[in-house]
Amino acid sequence: VVADTSVRGMIGVYSPIHRIGKTKFAIRTARQLGRSVPVLYLNLEGNSGDNYYFQNREGNDLGDLLYYMRQDNMNLGLKLVGMIRQKGGVDFRNVDREEWLRLFEAILEKSIYEILLLDLGDSINGLYQILENCGRIYTPYIDEGIAKAKLDQYEKSLRISGHGEILSRTVKKRIGRTKMQERYLPGKKG
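Draft legend 1. Region of interest: the overall build of the protein chain. Regarding its fold elements, the protein chain presents 8 helices and 5 strands. Counting only residues that meet the buried cut, the protein chain has 45% of its 190 residues in that class. If you sum the accessible surface of the protein chain, you get close to 10500 Å²; carbon and sulfur atoms cover 46% of it.

Draft legend 2. Here's a closer look at the packing of aromatic side chains. In the structure shown here, the tally under the stated rule is 4 aromatic pairs. Geometrically, the ring pair formed by Y14 and Y154 is tilted, given 5.3 Å between the ring centres and 50° between the ring planes. Of the two residues, Y14 sits in the loop between β1 (9-13) and α1 (22-34) while Y154 sits in helix α7 (residues 145-160), which places them 140 residues apart along the sequence. Each member of the pair, Y14 together with Y154, is buried. Taken together, a centroid distance of 6.4 Å and an interplanar angle of 65° make the contact between Y128 and Y154 edge-to-face. With Y128 in helix α6 (residues 127-132) and Y154 in helix α7, the pair connects residues that are 26 residues apart, well separated along the chain. Y154 shares its class with Y128; the two are buried.

Draft legend 3. Main features of the sheet that holds strand β4 (residues 136-141). Spatial ordering of the open sheet is given by β2-β3-β1-β4-β5, a layout of 5 strands whose pairing is parallel. The open sheet has two free edges, formed respectively by β2 (39-44) and β5 (170-174), since each of these has just one partner strand. Averaged over all neighbouring strand pairs, the angle between strand axes comes to 20°, with direction disregarded. As judged from the 6 bridges shared by β2 and strand β3 (residues 115-120), these two strands associate in the parallel manner. Following the sheet pairing, L44 is matched in β3 by L120. With respect to the sheet, α1 is in contact with β1, β2, β3, β4 and β5, its orientation differing from that of β3 by roughly 175°.

Draft legend 4. Representation of the environment of D122 in the model. Note that D122 resides in the loop between β3 and α6. On the accessibility criterion, D122 (41% relative accessible area) is partly exposed. As for D122 and E45, which are separated by 77 residues in sequence, their C-alpha atoms are 7.2 Å apart. Among residues more than four places away in sequence, those in contact with D122 are Y14, H18 and L127. Reaching out from D122, the side chain makes a polar contact with the side chain of Y14 at a distance of 2.4 Å.

Draft legend 5. Layout of the pattern of salt bridges. All told, the structure shown has 7 salt bridges when counted by the stated rule. A salt bridge links R174 to D143, with the nearest nitrogen and oxygen atoms 3.9 Å apart. Of this pair, R174 sits in strand β5 while D143 sits in the loop between β4 and α7, and the two are 31 residues apart along the sequence. R174 sits in the exposed class, given a relative accessible area of 54%. Salt bridges here are not isolated pairs; linked through shared partners, they connect D143, K148 and R174.

Rules and cut-offs
- Per chain, residues are indexed from 1 in the order of the written sequence.
- Residue-level local features of this predicted model are given only where pLDDT is at least 70; pairs of side-chain atoms are given and counted only at 80 or more, and the full residue set underlies all totals for whole chains, interfaces and linings.
- Hydrogens and water are ignored here; the side-chain numbers use all heavy atoms of the structure.
- In this description a helix means any DSSP run of H or I spanning at least four residues, a strand means any run of E spanning at least two, and both kinds are numbered starting from the N terminus.
- Exposure classes here rest on a 1.4 Å probe applied to the protein chains alone. A residue is buried below 20% of its type maximum, exposed above 50%, and partly exposed in between.
- Surface accessibility follows the Shrake-Rupley procedure with a 1.4 Å probe radius. Residue values consider only the protein chains on display as shielding.
- Any two of the Phe, Tyr and Trp rings considered here, Trp counted by its six-membered ring, make a pair once their centres fall within 6.5 Å; the pair's planes then place it as stacked at under 30 degrees, edge-to-face at over 60, or tilted in between.
- For two strands to be treated as a pair, DSSP must find at least two bridges joining them.
- The axes used here are C-alpha line fits, helices contributing only the stretch in contact, and every angle between their N-to-C directions lies in the interval 0 to 180 degrees.
- Any two residues whose heavy atoms approach within 4.5 Å at even a single point are treated as in contact.
- For the purposes of these results, a polar contact is taken to be a pair of N or O atoms within 3.5 Å, where, inside protein, one atom must be able to donate a hydrogen and its partner to accept one; residues adjacent in sequence count only when each atom of the pair is a side-chain atom.
- By definition, a salt bridge exists where a carboxyl oxygen of Asp or Glu is found within 4 Å of a side-chain nitrogen of Lys or Arg.

Any link to function would need more than the numbers given here.
Written out as structure tokens, the structure reads:
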């Protein structure tokens, strides 16, 4: 992963191709960027599996932060001190895009973080509008037929829906397969 530290604000990681290591890529990107500037990584997938990546960590989650934001009486900077990662527990489909964008803006304005790295999934409400607000979007992909077809369909969908501008800030990143993924390719015996 070679992350560009010149981009500040919201950086999205999204791929229409699933089970290719997108979250691992996003975490590595956040860590690399974090060597130069303060970065907050937020996993916004419906079922993130974050206990795999962040074992033995308890505390508040993104749902709690959304609750505090809705109350309009909190000091976001203080609340973020103990909430530097997202764990499960919130149904992202019930949060509208305006709330997401308000939260992201508040985090960037009222905290130490210069970069908000969003690991985005399909279940988030207002995905395209959130991507429009990202200064950069990393789109991991793998080099295989169905993956290319999904990526082409996603790009066509962006253009047709009036969100083609997202593509101008998108950096496609080819990533390799893990041995586990190779085992389950069609025609392979595992």
